[in-house]
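A look at the structure
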Amino acid sequence: DQQVKQNSPSLSVQEGRISILNCDYTNSMFDYFLWYKKYPAEGPTFLISISSIKDKNEDGRFTVFLNKSAKHLSLHIVPSQPGDSAVYFCAASDRGSQGNLIFGKGTKLSVKP
Amino acid sequence: EAQVTQNPRYLITVTGKKLTVTCSQNMNHEYMSWYRQDPGLGLRQIYYSMNVEVTDKGDVPEGYKVSRKEKRNFPLILESPSPNQTSLYFCASTPNRHGEQYFGPGTRLTVT
């Protein structure tokens, strides 16, 4: 059973528009969430995170929104650029437990010029 | 430059021939992990280590071994590789298990 779900395997967006990547989780004990970006032939790199005490965290063009009641988070990229084309992984953890970071399966974003 | 390095980057081997993938980090991180990435399955943790001589199984440990004799190194050992271990492998380190992880560039392993 997947604890972190990214139900869209791929997303295509026009340059300059908004990209919205979604992530759902099942474990209500998760209290820290991260997004990673991965280019082909490279390792994932950390993008942005959010603690469960917040509902929004912003870093430049990237904003993560957390809806705890819906167990849902989303990553917004505005405006989208061709260089944003990559696979995006959502990850979650329960910092009070001995558990590890749990990753979703990823969403491949394509930003078209 | 802070980084995680892995070697080799690409490896083609045959079933049953023991191999080791090395991983090294220069950030003095205590926590290190190995993941495998497979199409449609995302990143799955194989093993992790919380410090020198402290290792534990992740979600998919079967067929793998690890060791942590020094803080900076965390090799992944496949004693008898099988074709179902064909995958893309990533090593990662972090100052604490729940925080931001720093990933290596990946090792693409093919077992025939």
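Structure: above.
A brief structural summary. Residue positions are counted from 1 within each chain, in the order its sequence is given. By the order in which they are written, chains take letters starting at A while ligands take numbers starting at 1. Thresholds applied to this predicted model are a pLDDT of at least 70 for local features of residues and 80 or more for the giving and counting of side-chain atom pairs; totals over whole chains, interfaces and linings are not thresholded and use all residues. Computation of side-chain values: all heavy atoms of the structure, hydrogens and water removed.

1. Section: the side chain of glutamine 6 of chain B
Residues and elements named next belong to chain B. For clarity, the threshold we go by: A run of DSSP states H or I qualifies as a helix once it reaches four residues; a run of E qualifies as a strand once it reaches two. Both are numbered from the N-terminal end. For each residue, the accessible area found with a 1.4 Å probe, counting protein chains only, is set against the maximum for its type, and the residue is called buried under 20%, exposed over 50%, and partly exposed in between. In protein, a polar contact requires one atom able to donate a hydrogen and another able to accept it; more generally it is a pair of N or O atoms within 3.5 Å, and residues adjacent in sequence count only if both atoms are side-chain atoms.
Tracing the sequence through the fold places glutamine 6 in strand β1 (residues 4-7). The exposure class of glutamine 6 is buried, given its relative accessible area of 3%. Engagement of the side chain of glutamine 6 in a polar contact is seen with the backbone nitrogen of cysteine 91, the distance being 3.0 Å. Side chain to side chain, glutamine 6 and threonine 107 meet in a polar contact 3.1 Å long.

2. Quick look at the nonpolar core
Where we set the bar: Buried Ala, Val, Leu, Ile, Met, Phe, Trp, Tyr and Cys residues that are joined via side-chain atoms within 4.5 Å together make up what is termed a nonpolar core. Note on definitions: a residue-residue contact is assigned when non-hydrogen atoms from the two residues lie within 4.5 Å.
Counting 24 residues, the largest nonpolar core has Phe33, Trp35, Leu73, Leu75 and Tyr88 of chain A as the members making the most contacts within it. Looking at this core, the elements with two or more residues in it are β3 (19-25), β4 (32-38), β5 (45-51), β7 (62-67), β8 (72-77), β9 (86-93) and β11 (107-112) of chain A. The element contributing the most residues to this core is β9 of chain A, with four residues. Every residue in contact with phenylalanine 33 of chain A, bar those within four places of it in the chain, is listed here: Tyr25, Ile48, Ser49, Ile50, Leu66, Leu73, Ala91 and Ala92 of chain A. Listed in part, the 19 residues of the second largest apolar core include Val4, Met27, Val66 and Leu76 of chain B.

3. Some words on the pairing of strand β4 (residues 31-38) of chain B
Residue and element names in this part refer to chain B. Our working rule: Whether two strands pair depends on DSSP finding at least two bridges between them.
Buried residues dominate β4, accounting for eight of its eight residues. Note: β4 against strand β9 (residues 87-94), seven bridges, orientation antiparallel. Paired with methionine 32 across the strands is serine 93, a residue of β9. Relative to strand β5 (residues 42-51), β4 is paired through seven bridges, and the arrangement is antiparallel. Residue pairing across strands places methionine 32 opposite serine 49, the latter belonging to β5.

4. Overview of the packing of aromatic side chains
Residue and element names in this part refer to chain A. Our working rule: Stacked, tilted and edge-to-face are the three classes assigned to paired rings of Phe, Tyr and Trp, where Trp is represented by its six-membered ring and a pair needs centres within 6.5 Å; plane angles under 30 degrees give stacked, over 60 edge-to-face, the rest tilted.
Overall, the coordinates contain eleven aromatic pairs over all chains when judged by the stated rule. Measuring from centroid to centroid gives 4.7 Å for tyrosine 25 and phenylalanine 33, while their planes differ by 45°, and the two rings are tilted. Each member of the pair, tyrosine 25 as well as phenylalanine 33, is classed as buried. With 5.6 Å between their ring centres and 50° between their planes, tyrosine 36 and phenylalanine 103 make a pair best called tilted. Of the two residues, tyrosine 36 is situated in strand β4 and phenylalanine 103 in strand β10 (residues 102-103); the sequence distance between them amounts to 67 residues. Residue phenylalanine 103 is classed as buried on the basis of its relative accessible area of 8%.

5. Brief notes about the environment of leucine 19 of chain B
All names here are of chain B. Tracing the sequence through the fold places leucine 19 in strand β3 (residues 19-25). Counting along the chain gives 57 residues from leucine 19 to leucine 76, while the straight-line C-alpha distance between them is 8.5 Å. Not counting chain neighbours up to four residues away, the residues in contact with leucine 19 comprise Leu11, Thr13, Leu76, Ile77, Leu78, Pro81 and Leu109.

6. So, the sheet that holds β8 of chain A
Residues and elements named next belong to chain A. Overall, antiparallel pairing links the five strands, which are arranged β1-β3-β8-β7-β6 in an open sheet. Two strands lie at the open edges of the sheet, namely β1 (4-5) and β6 (56-59), each paired on one side alone. Where β7 lies against β8, six bridges are found, and the strand directions are antiparallel. Its bridge partner lying in β8, asparagine 67 is registered against histidine 72.

7. A closer look at the state of the cysteines
The test is simple: Whenever a pair of cysteine sulfur atoms sits within 2.5 Å, that pair is classed as a disulfide.
Counted under the stated rule, the structure contains two disulfides over all chains. Put simply, cysteine 23 of chain A and cysteine 90 of chain A are joined by a disulfide, and their sulfur atoms are 2.1 Å apart. Sign of the S-S torsion, about -75° for the bond between cysteine 23 of chain A and cysteine 90 of chain A, identifies this disulfide as left-handed. Taken together, the residues span a long stretch of sequence, with cysteine 23 of chain A in strand β3 and cysteine 90 of chain A in strand β9 at a distance of 67 residues. The class of cysteine 23 of chain A is buried, set by a relative accessible area of 0%. Each sulfur of the disulfide joining cysteine 23 of chain B and cysteine 91 of chain B lies 1.8 Å from the other. Residues cysteine 23 of chain B and cysteine 91 of chain B are joined by a disulfide whose S-S torsion is about -70°; by sign, that bridge is left-handed. Of this pair, cysteine 23 of chain B sits in strand β3 while cysteine 91 of chain B sits in strand β9, and the two are 68 residues apart along the sequence. Take cysteine 23 of chain B and cysteine 91 of chain B: they sit in the same class, and that class is buried.

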